[in-house]
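Here's the letter readout for the chains.
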Amino acid sequence: MTLKWGTPDDSATGVKALLCREYGEPDVLALEEIDSRSPGPGELRMRVRACGVNFPDILMIRGQYQIKPDFPFAPGCEVAGEVLEIGSDVSGFTAGDRIVGVPGFGGMQEEIVVRAERCLPIPKSMDFDVAAVFSLTYGTSYHALVDRARLRCGETVLVLGAAGGVGSAAVDIAQQLGARVIAAGGSDQKLAQLAKFYGVEETLNYSLEGSELRNRVKSMTQGRGADVIFDPIGGDAFQQVLRCVNWNGRILVIGFAADSEHLPKAPTNLLLLKGSALIGVFWGRFTEEEPERSYDNFKQLFSWYEAGELEPHISHRFPLERGGAALTALIDREVVGKCVVLL
Ligand SMILES: NC(=O)c1ccc[n+]([C@@H]2O[C@H](COP(=O)([O-])OP(=O)(O)OC[C@H]3O[C@@H](n4cnc5c(N)ncnc54)[C@H](OP(=O)(O)O)[C@@H]3O)[C@@H](O)[C@H]2O)c1
């Protein structure tokens with residue numbers, strides 16, 4: 001029997017998938033089997049070897065993300081693996097190619113059909129686990145710092161949520177661009193690990209600093225504030241950083257990990273006084289609107305990776321059946337760098 005992709009079937013013996021059938025916390029996910037399906041025009045079928053775990057996966061199973069797939073669905077927006085089958089109208093791929101894909105969801109299953117335009121070959125030196133955690137975070141952070149903030153060598157970047165996925169990628173990329181990085185996070189232990197893995201010299205604990213965050217940033221920057229502020233957390237920290245941005249500064253709105261229900265608001269007089277800009281970043285939309293530019297960004301990122309200039313760190317690895325625990329590790333703020341599910 002052929003089923004619609006993602007439809008569970010008691011008699012199916014094919015593809016293991018970690019499915020979400022109702023909104024909730026990671027314990028709603030259950031390992032089931034679904035049928036494989038052939039790719040249609042413009043699509044690839046791939047064997048998933050690793051699936052990166054990202055904050056949007058949590059929002060998606062809670063029903064709080066902008067994309068709401070039909071039930072049942074597997075979480076997992078980015079994957080790495082091999083091409084199994086190629087649909088009509090697809091060129092540039094061969095069965096067996098090692099690729100990354102960004103399907104948006106559905107990554108926590110052994111096979112997935114992905115639009116070919118959302119896939120890229122990966123460098124020979126890049127293992128599947130690293131490839132699976134690279135696209136979304138490094139893609140987002142590069143787009144944010146280079147395309148949106150136009151970060152220049154020698155400028156100071158304050159990265160909030162620096163131990164997290166997009167935060168650690170921003171630290172890695174900003175250092176590669178020659179910026180001075182102040183890495184801010186909520187735990188001394190995680191910041192110490194971040195400093196060790198990425199060679200960061202200046203760190204700041206925003207949970208201990210409380211309302212002192214802005215004063216500390218100012219004192220670390222001779223009273224001027226940071227030139228670029230990378231904010232994937234929102235919440236109270238956002239109100240603080242609005243007040244410690246340099247003249248001509250850029251504040252990048254990346255996400256709201258601290259509180260996705262109460263979005264922070266900005267008093268516009270603060271932007272006026274600093275001649276500063278509040279800049280939205282939406283990497284997924286960028287890849288749709290400007291695919292060629294996104295492709296060029298990956299060419300640059302992959303070439304830095306191959307030259308040993310970037311070093312994504314993975315602190316947690318889980319098998320597919322423990323994919324829910326992978327999401328819980330993110331919710332519990334245990335991860336430093338990235339978390340990956342291996343299949
Ligand atoms: N704009 C885009 O295109 C784009 C792309 C990808 C992701 N995002 C967004 O960026 C945000 C971060 O994503 P991510 O994948 O990097 O997540 P992540 O790996 O879980 O990192 C988030 C970081 O936020 C900090 N944090 C502060 N308060 C938190 C809380 N209440 N719960 C959990 N973490 C908290 C944590 O660091 P401490 O424990 O050190 O505070 C954590 O390391 C999400 O909102 C996501 O939707 C946006």
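Positions within a chain are numbered from 1, following the residues in the order the chain's sequence is written. Local features in this predicted model are restricted to residues of pLDDT 70 or higher, and side-chain atom pairs are both shown and tallied only at a pLDDT of 80 or more, whereas totals for entire chains, interfaces and linings draw on every residue. Only hydrogens and water are set aside; all other atoms, that is, all heavy atoms of the structure, feed into the side-chain values.

Trainee: Tell me about helix α7 (residues 213-220), residues and numbers included.
Mentor: Per-residue accessibility, obtained with a 1.4 Å probe over protein chains only, is compared with the maximum for each type, and a residue is labelled buried under 20%, exposed over 50%, and partly exposed between these values. Numbered from the N terminus, helices here are DSSP runs of H or I no shorter than four residues, and strands are runs of E no shorter than two. Restricting attention to buried positions, one finds in α7 the residues Leu213, Val217 and Met220. Burial along α7 is one-sided: seen end-on, the buried residues are contained in an arc of 65 degrees. Glutamine 222 occupies a position one or two residues after α7 and carries a positive phi of about 50 degrees. Throughout, the arc means that of the directions going from the helix axis to the C-beta atoms.

Trainee: Describe the packing of helix α3 (residues 135-148) against helix α4 (residues 165-176), naming the residues involved and giving the relevant values.
Mentor: Structural elements are reduced to axes, namely lines fitted to C-alpha atoms, with helices fitted over the stretch in contact, and the angle between N-to-C directions of any two is expressed from 0 to 180 degrees. Interhelical geometry of α3 versus α4 gives an angle of 55 degrees and a closest axis separation of 8 Å. Comparing their axes, α4 and α3 come out oblique. Note on packing geometry: the crossing formed by α3 with α4 is right-handed. Facing α3, whose interface residues are Thr137, Tyr138, Thr140, Ser141, Tyr142 and Leu145, α4 presents Gly165, Val166, Ala169, Ala170, Asp172, Ile173 and Ala174. Each residue gets one of three labels, nonpolar for Ala, Val, Leu, Ile, Met, Phe, Trp, Tyr, Cys and Pro, charged for Asp, Glu, Lys and Arg, and polar for the others, Gly among them. Here the contact of α3 with α4 is composed, by residue class, of eight nonpolar, four polar and one charged. Under this scheme an angle from 65 to 115 degrees is roughly perpendicular, one under 35 degrees roughly parallel, and one over 145 degrees roughly antiparallel; angles in between are oblique. Each crossing gets its handedness from the near helix: less than a right angle anticlockwise from the far helix is left-handed, clockwise is right-handed. Any two residues having at least one pair of non-hydrogen atoms within 4.5 Å are treated as being in contact.

Trainee: With reference to specific residues and values, describe the domain arrangement of the protein chain.
Mentor: Domain start and stop positions are those given by an automatic or database domain assignment. By the assigned domains, the protein chain splits into domain 1 (15-134 + 312-342) and domain 2 (138-284). Centre-to-centre, using C-alpha coordinates, domain 1 lies 28 Å away from domain 2. On the domain 2 side, the residues contacting the 13 residues of domain 1 number 18 residues. In total, about 1,200 Å² of surface goes out of reach between domain 1 and domain 2, with carbon and sulfur atoms giving 58% of it. Here's the idea: put two parts together, see how much 1.4 Å probe accessible area each one loses, and the total over both is what we call buried area. If you sort the residues of domain 1 by the area they bury against domain 2, Phe134, His313 and Val336 come out on top, with a joint share of 36%. Here, a salt bridge means any side-chain nitrogen of Lys or Arg that lies within 4 Å of a carboxyl oxygen of Asp or Glu. At the boundary of domain 1 with domain 2, the tally comes to zero salt bridges. Nitrogen and oxygen atoms within 3.5 Å of one another constitute a polar contact, given that in protein one can donate a hydrogen and the other can accept it, and given that sequence-neighbouring residues count only through two side-chain atoms. At the surface where domain 1 touches domain 2, the tally comes to five residue pairs in polar contact (both at pLDDT 80 or more). Of the residues contributing to the side of domain 1 that touches domain 2, the split by class is seven nonpolar, four polar and two charged.

Trainee: Explain the sheet that holds strand β10 (residues 202-205) to me, using residue names and the numbers behind them.
Mentor: Paired strands, in this sense, are two strands between which DSSP finds at least two bridges. Pairing is parallel across the open sheet formed by six strands, whose spatial order is β10-β9-β8-β11-β12-β13. Strands at the two margins of the open sheet, each flanked by one partner only, are β10 and β13 (277-280). With direction set aside, neighbouring strand axes in the sheet form an average angle of 20 degrees. In this sheet, β13 lies alongside strand β12 (residues 245-253) in parallel orientation, the contact comprising four bridges. Each residue of the ladder has a partner; that of arginine 250, found in β13, is alanine 277. Together, β8 (156-159), β9 (180-185), β10 and β11 (226-231) form the strand contacts of α7, whose direction differs from that of β10 by roughly 165 degrees.

Trainee: Any details on the pairing of β8? Residues and values, ideally.
Mentor: A two-sided burial pattern is seen for β8, the buried positions comprising Thr156 and Leu158 on one face and Val157 and Val159 on the other. Two strands pair when backbone bridges link them, and β8 and β9 are joined in this way by four bridges, in the parallel orientation. By the bridge assignment for β9, threonine 156 is matched with arginine 180. When the strands point away from the viewer and the path from the first strand over the helix to the second turns clockwise, the crossover is right-handed. Taken together, β8, α4 and β9 constitute a β-α-β crossover, and its handedness is right-handed. Inspection of the sheet shows β8 paired to β11 by three bridges, in the parallel sense.

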